[in-house]
Amino acid sequence: PIIKKVQLKKSVIIYYTLYIVFRPIMDQLAKYVALFSSAFIVLPAGRDIVAPLTEIPFMGDGKMLSLMNMQGKEARQMMWGIWGVNHVFVSILKVIAVRENDQRMMKMLLWTVLPTLYFLIANNANMAAAGGDMIGFVVLIAAQTVSLSYLAFKKDGRRRSSRKRN
């Protein structure tokens, strides 16, 4: 019991130390993580619009693309394109919401991020067993979830849309 109390005290001390040290930069850090993770998704999604099934070497998605390949060649271009367009525009909406500090929009967009993170985590083991690697996307979307959640629920953001009302 004493060891557990000491470990707990250390954890609390570390937590509060990190909180005190990083609190002044937390807003900026969360903003940059949200912007980067949202904008980064445009790269593979944009590829899926203009050149489906073309590997992006630094992402190591050669095996992933073969695992995600549909059987029907006739529908492949259309489906990858639709998937890509949706991801590009949702990512653009996330970037706009973060730049405008529009908490209402960020909260709404979290409803796209949370199930995405769930599906990535729930199915990563199956993909890994088949030779695919989604851990980069798991980390990216987890960071996006944390940063968007922080920004969406902090107390000093704009709660309404940036749209002017008459």
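Below you will find a few notes about this structure. From a predicted model like this one, the values you see are computed outputs, not experimental measurements.

Notes on the pattern of salt bridges
Piece 1. Tallied over the entire structure, the rule returns two salt bridges.
Piece 2. The salt bridge partner of K154 is D27, with a shortest N-O separation of 3.4 Å. Of this pair, K154 sits in the segment after α6 (135-153) while D27 sits in helix α1 (residues 2-40), placing them 127 residues apart in sequence.
Piece 3. With relative accessibility at 14%, the residue K154 sits in the buried group.

Considerations on helix α5 (residues 103-129)
Piece 1. Given a rise of 1.5 Å per residue, 27 residues ought to cover 39 Å, and the 39 Å separating the end C-alpha atoms of α5 matches this to within 8%.
Piece 2. At N123, α5 is bent by approximately 45°, the largest bend along its length.
Piece 3. Burial in α5 covers these residues: Q103, M106, L109, L110, V113, L117, L120 and N124.
Piece 4. Those residues of α5 that are buried lie in contact with α4 (73-99) and α6.
Piece 5. G131 lies just past α5 and shows a positive phi near 100°.

Digging into the nonpolar core
Piece 1. Residues V98, M106, I141, L148 and L151 are the most contacted members of the largest nonpolar core, which totals 20 residues.
Piece 2. Put simply, the parts of the chain that give this core at least two residues each are α1, α4, α5 and α6.
Piece 3. Among residues more than four places away in sequence, those in contact with L148 are A34, K94, V98, M106, L110 and V113.

Calculation criteria
Residues numbered from 1 in each chain as written. Predicted model: local features only at pLDDT ≥ 70, side-chain atom pairs only at ≥ 80, totals over all residues. Heavy atoms only, no water. Salt bridge = Lys/Arg side-chain N within 4 Å of Asp/Glu carboxyl O. Helix = DSSP H or I, 4+ residues; strand = E, 2+ residues; numbered from the N terminus. Buried < 20%, exposed > 50% of the residue type's maximum accessible area, 1.4 Å probe, protein only. Expected span 1.5 Å × (residues − 1). Bend = angle between axes of the 7 residues up to and from the residue. Contact = heavy atoms within 4.5 Å. Core = buried A, V, L, I, M, F, W, Y, C linked by side-chain atoms within 4.5 Å.

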